[in-house]
Amino acid sequence: MAIDITGITNENEFYTHHYLAAILENDLKDVFNKWKRQEDEAGMPQPHALLRGLRKEFFATHSLLEKEKKTTERLAIQREFLVRLLDSFGYQYHYQTVDLDDVGSIPLLGGINRADGSPNLWIVEALAPHGEDADPLELPLLEEQYPARDREINALLDVSLEEIITRHIFGRIEPPRWVILLSFSQLLLLDRSKWHEKRLLRFDIREILDRRETTTLQATAALLHRDSICPKDGMPLLDTLDENSHKHAFAVSEDLKYSLRRAIELLGNEAVFYLRERLHEKIYGRDMAGQLTRECLRYMYRLLFLFYIEARPELGYLPNKSEEYRKGYSLESLRDLEMVQLSTEESKNRFFLHESVQILFRLLYEGFPPKGRAKQTSLLGDIERHTFKILPLRNHLFDPKQTPLLNRVKIRNFVLQEIIELMSLSRPGRGRNKRRGRISYAQLGINQLGAVYEALLSYQGFFAETDLYEVKKAGEQHNELETAYFVKPEDIEQYTEDERVFHKDGSLVMYEKG
């Protein structure tokens, strides 16, 4: 059964979304098996069972908190439950105040030190105002959380816990690696190495306990347990998960790097074909090559951006609920055509896909309905009868002035279909695993897309002034993402078989003049 992470929010990608949705389950199997063995052999209750057992107490405590208005009493009621909650995760309650470097002290519900005595994890409590369910990061520390002797002068009482954590806890000369920040209904796990990007895991205690979904309870207990974060020996489970998440993210982004490199080459050569064969223009020259490279990069980033925001309806930008948009204008509707066989010359060489993509680019840049457009084109006229709205995205990415060359060309269906296919499917694996999987942009992260973006910035296209064969260093595997080397036909005989680059069918990789 796949893990259900409802109630666990992966803010700003503490782990990659795809990792949590598709990979985490497999990486936690050993933990769950260990818990089961301990239960069978030593009668130790499994952590997720302890967590499940708190449901009745949670709602009884919630009822008490709703009735009580005095801060001191509300703290006592909340803390009684939090002690039980922390115990289910393997943490001992130990109230203490710890001095900060520059301003006073901070009250903790507990903490774990390393062998050398330096702090590894701090547990910080937050109390929401009566009748509210606020974000713990937005709450301040309260005077009642301190011993009486520390209440007189305390500069932290009017400061949000987010600022306290940023400036005074993680900014400490000897800071903890981890902070668990918890209120009655929420628990946040913060890692100092990720906090500069505000990446965190947020656990909605009420939803997790109320739903009683076993896999959610298991995932919550595994991600928050003391043995996962601060084991007595060995590498923390969370660091292992982080390493596995990075490995998977790297693999997916590598696939996209190869796909985009190939797509840019296809797009650039199609532009060359149209300018030369249809418009009868001269296209050679270093300046032209540089301009075309930049425009092809921008075009592909437009597609990448669209794949991403269409797959993320929670962003609320595109009208994904509109059937007219989804079926008539979305990139996803074109993606469904990626494997359709183009069997006739007309279907291959006409421009339906090109015109559809251009309309979509225009919709994003101008918004819909567009302002100040006196007359609609026949293609955009259809949209006027529908009700969906798109806010204009007036930036350089979709500004038509940034692609003057590509604005003048049309991309044939068979070329753009291959480009969309490259963006939609993973590269075929090796050996038995040769099937191509569909890339789920909903499960890709901003960090992965950023890595793809940065990797392609160093690329530069050029025109082949003669036929050119691709070669490589002897003994090295050919990699399309690394620097390429080319030689003229009269020089290819000087290179050994090991130095030549071949297609899968055994033919030499050769770029024709132009």
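Here the structure is shown first, and the text comes after it.
Only a predicted model underlies this, so the values are computations on that prediction, with no experimental measurement involved. Residue positions are counted from 1 within each chain, in the order its sequence is given. Where totals are concerned, whole chains, interfaces and linings use all residues; where local detail is concerned, this predicted model gives features only for residues with pLDDT of at least 70, and gives and counts side-chain atom pairs only at 80 or more. As a convention, hydrogens and water are excluded, and side-chain values are obtained from all of the structure's heavy atoms.

**Thoughts on the overall build of the chain**
Piece 1. A count of helical and extended segments in the chain gives 19 helices and 11 strands.
Piece 2. Type-normalised accessible area, obtained with a 1.4 Å probe on protein chains alone, sets the label of each residue: buried when under 20%, exposed when over 50%, and partly exposed for intermediate values. Out of the 514 residues in the chain, the part that is buried amounts to 47%.
Piece 3. For this analysis, residues touch if any pair of their heavy atoms sits within 4.5 Å. In the chain, once contacts between residues fewer than 6 apart in sequence are set aside, the share between residues at least 24 apart is 67%.
Piece 4. The protein chains shown are the only cover counted for residues, whose accessible areas, like all others here, come from Shrake-Rupley with a 1.4 Å probe. Carbon together with sulfur atoms contributes 48% to the accessible area of the chain, which is approximately 27400 Å² in total. Only DSSP runs of H or I reaching four residues or more are called helices, and only runs of E reaching two or more are called strands; each is numbered from the N terminus.

**Thoughts on helix H8 (residues 214–224)**
Piece 1. The buried fraction of H8 amounts to 10 of the 11 residues, a majority that puts the element mostly inside the structure.
Piece 2. Of the positions making up H8, those classed as buried are Thr215, Thr216, Leu217, Gln218, Ala219, Thr220, Ala221, Ala222, Leu223 and Leu224.

**Some thoughts on the packing of aromatic side chains**
Piece 1. Each aromatic pair joins two rings of Phe, Tyr and Trp (for Trp, the six-membered one) with centres within 6.5 Å, and gets the label stacked for planes under 30 degrees apart, edge-to-face for over 60, and tilted for any other angle. Applying the stated criterion to the full structure yields 15 aromatic pairs.
Piece 2. Ring centres 5.5 Å apart and planes at 45 degrees place the aromatic pair Phe368 and Phe388 in the tilted group. Here Phe368, found in the loop between helix H15 (352–366) and helix H16 (378–384), pairs with Phe388, found in the loop between H16 and helix H17 (404–407); they are 20 residues apart in sequence, far enough to count as distant.
Piece 3. In this structure Phe368 comes out as buried when scored by relative accessible area, which is 4%.
Piece 4. Here Phe388 falls in the buried class, since its relative accessible area comes to 5%.
Piece 5. Consider the rings of Phe462 and Phe486, whose centres lie 5.6 Å apart with planes at 70 degrees: the pair is edge-to-face. You can see Phe462 sitting in the loop between helix H19 (446–456) and strand E9 (468–471) and its partner Phe486 sitting in strand E10 (residues 485–487), a full 24 residues away along the chain.

**Observations concerning the environment of His130**
Piece 1. Within the secondary structure, His130 sits in the loop between strand E5 (119–125) and helix H6 (161–169).
Piece 2. The class for His130 is partly exposed, based on a relative accessible area of 32%.
Piece 3. Taking the C-alpha atoms as reference points, His130 and Thr71, 59 residues apart in sequence, are found 8.4 Å from one another.
Piece 4. Those residues within four positions of His130 in sequence are excluded, and the remaining contacts are Leu65, Glu66, Lys67, Glu68, Lys69 and Arg74.
Piece 5. A distance of 2.8 Å separates a polar atom in the side chain of His130 from the backbone oxygen of Glu66. Between N or O atoms, a polar contact is any pair within 3.5 Å; within protein, one atom must be a potential hydrogen donor and the other a potential acceptor, and residues adjacent in sequence are included only when both atoms are from side chains.

**Notes on the pattern of salt bridges**
Piece 1. Between Lys or Arg on one side and Asp or Glu on the other, a salt bridge is scored when a side-chain nitrogen of the former is within 4 Å of a carboxyl oxygen of the latter. Under the defined criterion, the tally for this structure stands at 24 salt bridges.
Piece 2. Between Arg276 and Glu277 there is a salt bridge, and its shortest N-O distance comes to 3.3 Å.
Piece 3. Owing to a relative accessible area of 40%, Glu277 belongs among the partly exposed residues under this scheme.
Piece 4. Here the salt bridges share partners, and the residues they tie into one network are Arg261, Arg262, Glu265, Glu418 and Glu480.

**What about unusual backbone geometry?**
For residues that are not glycine, phi is negative in most cases, and the peptide bond is trans in most cases.
Piece 1. A cis amide bond links Phe368 with the next residue in sequence, Pro369, at an omega value of -5 degrees.
Piece 2. Here Pro369 shows up in the loop between H15 and H16.
Piece 3. Positive phi, close to 55 degrees, is recorded for Arg212, a residue that is not glycine.
Piece 4. As for its placement among the helices and strands, Arg212 is situated in the loop between helix H7 (205–211) and H8.
Piece 5. Even without glycine at this site, His280 takes up a positive phi of about 55 degrees.

**What to know about the packing of helix H11 (residues 286–310) against H15**
Piece 1. Contact pair H11 / H15: the axes reach a minimum separation of 12 Å and the direction vectors enclose 75 degrees. With respect to H15, the axis of H11 lies roughly perpendicular. Contacts between H11 and H15 pair Tyr299, Arg302, Leu303, Phe305, Leu306, Ile309 and Glu310 from the former with Val357, Gln358, Leu360, Phe361 and Leu364 from the latter.
Piece 2. All residues other than Ala, Val, Leu, Ile, Met, Phe, Trp, Tyr, Cys, Pro, Asp, Glu, Lys and Arg, Gly among them, are scored as polar; the first ten of these are nonpolar and the last four charged. Taken together, the residues of the contact of H11 with H15 sort by class into 9 nonpolar, 1 polar and 2 charged. Angles shown run from 0 to 180 degrees and are taken between the N-to-C directions of axes, each axis being a line fitted to C-alpha atoms and, for helices, limited to the stretch in contact. Orientation is classified from the angle alone, with under 35 degrees giving roughly parallel, over 145 giving roughly antiparallel, 65 to 115 giving roughly perpendicular, and any other angle giving oblique.

**Topic: the packing of H11 against helix H18 (residues 413–424)**
Piece 1. Viewed as axis vectors pointing N to C, H11 and H18 meet at an angle of 50 degrees, and their least axial separation amounts to 11 Å. One element, H11, and the other, H18, form an angle in the oblique class. Crossing of H11 against H18: the hand is right-handed. Side by side, H11 and H18 meet where Tyr299, Met300, Leu303, Leu304 and Phe307 of the first sit next to Leu416, Ile419, Ile420, Met423 and Ser424 of the second.
Piece 2. By residue class, the composition of the contact of H11 with H18 is 9 nonpolar, 1 polar and no charged. If you view the pair so one helix is near and one far, a crossing is left-handed when the near helix is turned anticlockwise from the far one by less than a right angle, and right-handed when it is turned clockwise.

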